[in-house]
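Notes for the structure review
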Amino acid sequence: MPTLAEIKNKVIEVWENDRIVLPSVTAAQFILESASGTSALAKASNNLFGIKASAPWTGDTHTITSNEEINGVMVPKKSVFRKYATWQDSVQDHSTFFISTETRKKVYAGIIGETDYKKACNAMTGSYATDSAYGKKLIAIIEANGLSAWD
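Report on the accompanying structure.

What counts, and at which threshold
Residues numbered from 1 in each chain as written. Predicted model: local features only at pLDDT ≥ 70, side-chain atom pairs only at ≥ 80, totals over all residues. Heavy atoms only, no water. Helix = DSSP H or I, 4+ residues; strand = E, 2+ residues; numbered from the N terminus. Polar contact = N/O pair within 3.5 Å; in protein donor to acceptor, adjacent residues only side chain to side chain. Contact = heavy atoms within 4.5 Å. Phe/Tyr/Trp six-rings, centres within 6.5 Å; stacked < 30°, edge-to-face > 60°. Buried < 20%, exposed > 50% of the residue type's maximum accessible area, 1.4 Å probe, protein only. Arc of directions from axis to C-beta. Pairing = 2+ DSSP bridges.

1. Considerations on the side chain of Ser-45
With respect to the element layout, Ser-45 can be found in helix H3 (residues 40-45). Within the local environment of Ser-45, its side chain forms a polar contact with the backbone oxygen of Leu-41, the two atoms lying 2.6 Å apart. Ignoring any residue separated from it by four or fewer positions in sequence, one finds Ser-45 in contact with His-62, Arg-82, Lys-83 and Tyr-84.

Structure, rendered in structure tokens:
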């Protein structure tokens, strides 16, 4: 699995090509969602961002139990996630995921192309993740690791 340093060039390259998700936000999600590439999901499926296998995904999948926040309580729930051939594929798909359907374009409008990492992170709460503190966690990760320099 890649390290934060190893994903840096790919994350920046994807942003420069499509301007969908800021590099700092993508890197913070990598740290949070995959425990910096060490999670079981990352190791088994190269899924660095916890992206579930909903439509229009038609690729391989991997089922695991993950925690979802329901009414303020974290509850284990079996979920189907996307599986990638390489971690680089995961980074690219992370970006295109946000614009892959018209509904996602609306749901993630506050993230797509946003150049203020705090605004983008706050827009992730309640849309990308069920964790009510998700945006705050991402901001803390960005600031603790100096990731805004990647933007």
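On we go from here.
2. A look at the packing of aromatic side chains
For the structure on display, the rule yields seven aromatic pairs. Considering the side-chain rings of Trp-57 and Tyr-84, the 5.4 Å spacing of their centres and the 65 degrees angle between planes classify their relative orientation as edge-to-face. Placement of the pair is Trp-57 in the loop between H3 and strand S1 (61-70) and Tyr-84 in the loop between strand S2 (73-82) and helix H4 (87-97), with a sequence separation of 27 residues. Aromatic ring contacts, followed pair by pair, group Phe-97, Phe-98, Tyr-108, Tyr-128 and Tyr-134 into a single cluster.

3. Description of helix H6 (residues 117-124)
Listed in full, the buried residues belonging to H6 are Tyr-117, Ala-120, Cys-121 and Met-124. An end-on view of H6 places all buried positions within 95 degrees of arc, on one side of the element. Those residues of H6 that are buried lie in contact with helix H2 (23-34) and helix H7 (134-145). Two or three places before Lys-118, at the opening of H6, Asp-116 has a side-chain oxygen 2.8 Å from that residue's backbone nitrogen.

4. A word on the pairing of S2
Of the strand pairs in this sheet, S1 and S2 are connected by ten bridges, and their pairing is antiparallel. Following the sheet pairing, Ile-64 is matched in S2 by Ser-79. Between S1 and S2, which pair antiparallel one after the other, the connecting turn spans two residues, and Asn-71 there sits at a positive phi close to 50 degrees.

5. Thoughts on H4
Every buried residue of H4 is listed here: Trp-87, Ser-90, Val-91, Asp-93, His-94, Ser-95 and Phe-97. Where H4 is buried, its residues contact helix H1 (4-18), H2, S2 and helix H5 (102-107).

Taken by themselves, the reported measurements are silent on function.
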